[in-house]
2 protein chains.
Amino acid sequence: MIDKFKIINEMAVDNGSKIVLLLMDGLGGLQLEPGGKTELETARTPNMDALTARASLGLSEVVAPAFSAGSGPGHLALFGYDPLEYVIGRGVLEAMGIGFHLLPQDVAIRGNFCTIDANGKITDRRAGRIPTEECARRVEVLRKIKIPGVEIFVEPVKEYRFVLVLRGEGLGAAIPDNDPQLTGVPALPIVAEDAASEKTAEILRQWSVEANKLLAAYPPANSCLLRGISKDPGMPRFNDVYKLRSAAIAVYPMYKGVARLVGMDVIEHTAETPAEEFEVLKQHWNEYDFFFVHIKKTDSYGEDGKFENRVGVIESVDQALPILLELKPDVIVITGDHSTPAKLKRHSWHKVPVLLAADAARFGQAAKFGEASCTTGTLGPIRHVDIMPLALAHSMRLGKYGA
Amino acid sequence: MIDKFKIINEMAVDNGSKIVLLLMDGLGGLQLEPGGKTELETARTPNMDALTARASLGLSEVVAPAFSAGSGPGHLALFGYDPLEYVIGRGVLEAMGIGFHLLPQDVAIRGNFCTIDANGKITDRRAGRIPTEECARRVEVLRKIKIPGVEIFVEPVKEYRFVLVLRGEGLGAAIPDNDPQLTGVPALPIVAEDAASEKTAEILRQWSVEANKLLAAYPPANSCLLRGISKDPGMPRFNDVYKLRSAAIAVYPMYKGVARLVGMDVIEHTAETPAEEFEVLKQHWNEYDFFFVHIKKTDSYGEDGKFENRVGVIESVDQALPILLELKPDVIVITGDHSTPAKLKRHSWHKVPVLLAADAARFGQAAKFGEASCTTGTLGPIRHVDIMPLALAHSMRLGKYGA
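Just so you know, these numbers come straight off a predicted model, no measurement behind them.

Asker: Is there a simple way to explain the nonpolar core in this structure?
Answerer: Formed by 71 residues in total, the largest nonpolar core has its most connected members in A:Phe79 and A:Phe238. Counting residues per element, this core draws most heavily on helix H14 (residues 387-394) of chain A, at 6 residues. Residues within four places of A:Phe238 in sequence aside, it is in contact with A:Phe79, A:Tyr81, A:Lys243, A:Leu244, A:Ser246, A:Val262, A:Met264, A:Phe290 and A:Met388. Counting 51 residues, the second-largest nonpolar core is a separate cluster that includes B:Ala95, B:Val163, B:Val165 and B:Val266.

Below, the structure written as structure tokens:
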């Protein structure tokens, strides 16, 4: 198979130019009615609209037609990693989501508290969706479990969910979930699928026995199921591949986690609003070549079906945009990791608008930045995995392919 | 892997129709300012514009998004060979570039004269960029080297560059460059990477020893480095795959070389201007089904940053176009092998406009031929490797796929 990263790495040069990737989570939207406008089209975005005059617009496919990307795949694609090729396990994703600093050798597991009866049969796979504080109490209990030869971390997530991490040498992760996805049956046995994962399986079996003993006193969450047993897939490092010094600015742990997974520096800060995030970027402007800035609320309001609030977040980003523009990045890309139309209250498969502003862009007509203008833009239909290479090309960081 | 050539070959029929592929090198351009026009959009091209009424327009990706194609990959793609799959080594490209007639078994090497000190350490990897005449003098000296069992050719290129070709039986080319890409160190040892290349490596070691002896008297170019050791990759033959009798008309050796590599006839001529090239085509009209006509200057002026001169070349092509149109080709394709915007003074990654005129085309609105009209054309976004199959289809040379 053709190793695209190798080719791009060979073409890449570090010329000191600056790139900003401004991601509004779930940016792509839908009209509520025929003849209507999407969230982005409804928003008053004079700064972005002005940018279109010296930009290329396009619509981008995140993973593949009809695929509604999760946050992990959406971000990986945006960073140039084909999410059909680079699959992050649920355990790793969950650990990243709470900001747990995973090491390459760690095995991460998503745990679900559940209810079992006297015969060990599952009666509720989510333990009545216990509140998060109840989850935290039980996590405290589970932390008492010690197994020689391995360091064990247990962290609460939300409601019935927690994260279990095993740290040690020689721990494989080829172990299926022990969640039978059914009630009325016991948890499945924990069985390694390869020799390299035998040690992990044995540790998890011991741990589960201990966990059941300890949790017996805490119904309804008197047992737990282990899912998504996985490790950092060991992806090519973002900075090495692209020859960039890169930094991520995000408010939510999940997005810091994905950025960290590909090797970006994650800037710690207390910013919350877009303007505050941009100010953080400004403070660190001279330290990096590439900034990934993550805006969360466009997605959250989409999930909640709040069209007007999504419009408001987009407008607040636009209002703060001059803070970025004053820094005169060589390339600024504004896009999303997937669509989250308020109309659907969920991630969707619709293509995502992209604005790529650069001196080297093939300029289109100045336009309102939105799905309609992006459909006929000069960037054309593209894929998310091409956005990073295109950003590099437009900052003159990619040489020729072949002589 | 799907063998696209095999499928196309099975669908192809020879119906005697005629196709002209008119290539303006580096045709794709950029506006100098927002709201401006590209070179092609600026040029007065009444003949091409008239053609758009009975044509499909499209924008084409040469290799992959963000890839700025070199001449080799750009032409291969245009001839239907995926340049990510068919990689032509630097030595072969360089030999083709000076019009050297490579045989399939030949090993071609790009040589760089360099300067070494008394300890054999490289002090200048380009020997002070000696002028081309100095290069030719040393090439004469190197031609004295004879090694039993192999025929050796040495040809000057430009400044410090020359081409070395080994002709004989059993010569593999899996040998890395001996150029360390550094000064202060000696050349790397010449080592075969497979058994089939052992003989070649031994010959090159002997040759290098002799070369250093002879060049000692010719500082600053008192040694040389060997790079891009390669052979004709042995591509499927253009004429066989497409069932065409094909001919290339080009002024520069490089483009004749690429055409020859895929098996086209190369028509020798003394034409220089577009009109003269078209007259050559006219003289040979009855001998071939397919003509590849190469116009160089659109690229050269792009590299030099001369926007107006690029416009002028495009206009001269348009003025001469009636010579071609009078021949009534069934299909005429006008495009480029990549973009070379005067604004960037280099090959670029921007998609290339394509005009495909044929009775069987899905006609769009008549328009000024240019990047903007191609963005919304009926041919849609395509890839360069699809242009040859599309030309065949539009000349009714491709049957059905499946019953």
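Asker: I'm lost on the packing of helix H5 (residues 90-97) of chain B against helix H9 (residues 253-261) of chain B in this one. Help?
Answerer: Each pair of packed helices can be summarised by the angle the axes make with each other and by the distance between the axes. All names here are of chain B. The N-to-C vectors of H5 and H9 enclose an angle of 120°; their axes lie 7 Å apart at closest approach. Compared by their axis directions, H5 and H9 come out oblique. Contacts between H5 and H9 pair Val-92, Leu-93, Met-96 and Gly-97 from the former with Pro-253, Met-254, Gly-257, Val-258 and Leu-261 from the latter. Residues belonging to the contact of H5 with H9 are distributed by class as follows: 7 nonpolar, 2 polar and no charged.

Asker: I'm lost on the pairing of strand S7 (residues 161-167) of chain B in this one. Help?
Answerer: If a strand is regular, its side chains alternate between the two faces of the sheet. Residues and elements named next belong to chain B. The buried fraction of S7 is high, at 6 of 7 residues. For strand S4 (residues 107-116) and S7, the ladder comprises 6 bridges, and the chain directions are antiparallel. In the strand pairing of S7, Val-107 is matched with Leu-166. Relative to S7, strand S6 (residues 151-156) is paired through 6 bridges, and the arrangement is antiparallel. Opposite Pro-156, over in S7, you have Phe-162 as the bridge partner.

Asker: Which parts of the structure should I look at to understand the relation of the copies chain A and chain B?
Answerer: Superposing the two chain copies requires a rotation about an axis and a translation along that axis. Each copy superposes on the other: chain A lies on chain B with an RMSD of 0.1 Å after a rotation of 121° and an axial shift of 0.2 Å. Such values leave the two copies arranged in the relation of a three-fold axis. By C-alpha distance to the rotation axis, the residue of chain A lying nearest is A:Thr376, at 4.0 Å. Of all interface residues in chain A, a mere 3% are interface residues in chain B too; the two copies therefore contact each other through different surfaces.

Asker: How do you make sense of the sheet that holds strand S2 (residues 55-61) of chain A when you look at a structure like this?
Answerer: Strand pairing within a sheet occurs via backbone hydrogen bonds; the two strands may be parallel or antiparallel. Residue and element names in this part refer to chain A. Strand order in this open sheet of 8 strands is S9-S8-S10-S1-S11-S12-S2-S13, and the pairing throughout is mixed. If you trace the sheet from one side to the other, it starts and ends with strand S9 (265-266) and strand S13 (380-383), each paired once. In terms of strand pairing, strand S8 (residues 246-249) meets S9 through 2 bridges, oriented parallel. For Ala-247, the partnering residue across the bridge sits in S9 and is Asp-265.

Asker: Explain the interface of chain A and chain B here, please?
Answerer: The accessible area lost on association of the parts is a frequent measure of interface size. Contacts between the two partners involve 29 residues from chain A, matched on the other side by 34 residues from chain B. Roughly 2400 Å² of surface becomes buried between chain A and chain B when both sides are summed, with 64% attributable to carbon and sulfur atoms. On inspection of chain A and its partner chain B, the count reaches 0 salt bridges. Where chain A meets chain B, there are 10 residue pairs in polar contact (both at pLDDT 80 or more).

Asker: Got a minute to help me understand the layout of surface pockets in this structure?
Answerer: Over the atoms a probe the size of a water molecule is rolled, and this reveals where empty space is left. In this model, the second largest pocket occupies a volume close to 1100 Å³. For the second largest pocket, the lining is made up of 35 residues, of which A:Glu10, A:Gly402, B:Val87, B:Ile88 and B:Arg90 are closest to its centre. Every element with two or more residues in the lining of the second largest pocket is listed here: helix H1 (4-11) and strand S14 (400-401) of chain A together with helix H4 (71-78), H5 and strand S8 (223-230) of chain B. Split into classes, the residues belonging to the lining of the second largest pocket amount to 17 nonpolar, 7 polar and 11 charged.

Asker: What am I meant to see in a negative patch on the surface here?
Answerer: On the surface, a cluster of negative charge is made up of A:Glu272, A:Glu276, A:Glu279 and A:Glu326. In this fold, A:Glu279 is placed in helix H10 (residues 274-283).

Asker: Is there a simple way to think about the packing of aromatic side chains in this case?
Answerer: By convention here, two paired aromatic rings are described through the distance between centres and the angle between planes. In this structure the tally under the stated criterion is 27 aromatic pairs over all chains. On the basis of an interplanar angle of 70° and a centroid distance of 5.3 Å, the ring pair of A:Phe100 and A:Phe153 is categorised as edge-to-face. Here A:Phe100 is found in the loop between helix H5 (90-97) and strand S3 (107-116), whereas its partner A:Phe153 is found in strand S5 (residues 151-156), with 53 residues between them in sequence. Measuring from ring centre to ring centre gives 5.6 Å for B:Trp285 and B:Phe291, while their planes differ by 15°; the resulting arrangement is stacked. On the basis of relative accessible area, B:Trp285 is assigned to the buried category, the value being 11%. Look at B:Phe291 and you get buried, because its relative accessible area is 0%.

Reading the values: rules and limits
Residues numbered from 1 in each chain as written. Chains lettered and ligands numbered in written order. Predicted model: local features only at pLDDT ≥ 70, side-chain atom pairs only at ≥ 80, totals over all residues. Heavy atoms only, no water. Core = buried A, V, L, I, M, F, W, Y, C linked by side-chain atoms within 4.5 Å. Buried < 20%, exposed > 50% of the residue type's maximum accessible area, 1.4 Å probe, protein only. Helix = DSSP H or I, 4+ residues; strand = E, 2+ residues; numbered from the N terminus. Contact = heavy atoms within 4.5 Å. Axes fitted to C-alpha atoms, helices over the stretch in contact; angles between N-to-C directions. Parallel < 35°, antiparallel > 145°, perpendicular 65-115°, else oblique. Nonpolar A, V, L, I, M, F, W, Y, C, P; charged D, E, K, R; others polar. Pairing = 2+ DSSP bridges. Least-squares fit on C-alpha atoms with pLDDT ≥ 70 in both. Buried area = accessible area lost by both parts, 1.4 Å probe. Salt bridge = Lys/Arg side-chain N within 4 Å of Asp/Glu carboxyl O. Polar contact = N/O pair within 3.5 Å; in protein donor to acceptor, adjacent residues only side chain to side chain. 1 Å grid on protein atoms, 1.4 Å probe; cavity = no way out; pocket = protein on both sides within 12 Å on 5 of 7 lines; lining within 4 Å. Points joined across faces, edges and corners; volume = space filled by probe spheres on them. Patch = residues over 30% accessible without salt bridge, like charges linked within 9 Å, V, L, I, M, F, W, Y side chains within 5 Å. Areas by Shrake-Rupley, 256 points an atom, 1.4 Å probe, with all protein chains shown as cover. Lys, Arg positive; Asp, Glu negative; His and termini not counted. Charge placed at Lys NZ, Arg CZ, Asp CG, Glu CD. Phe/Tyr/Trp six-rings, centres within 6.5 Å; stacked < 30°, edge-to-face > 60°.

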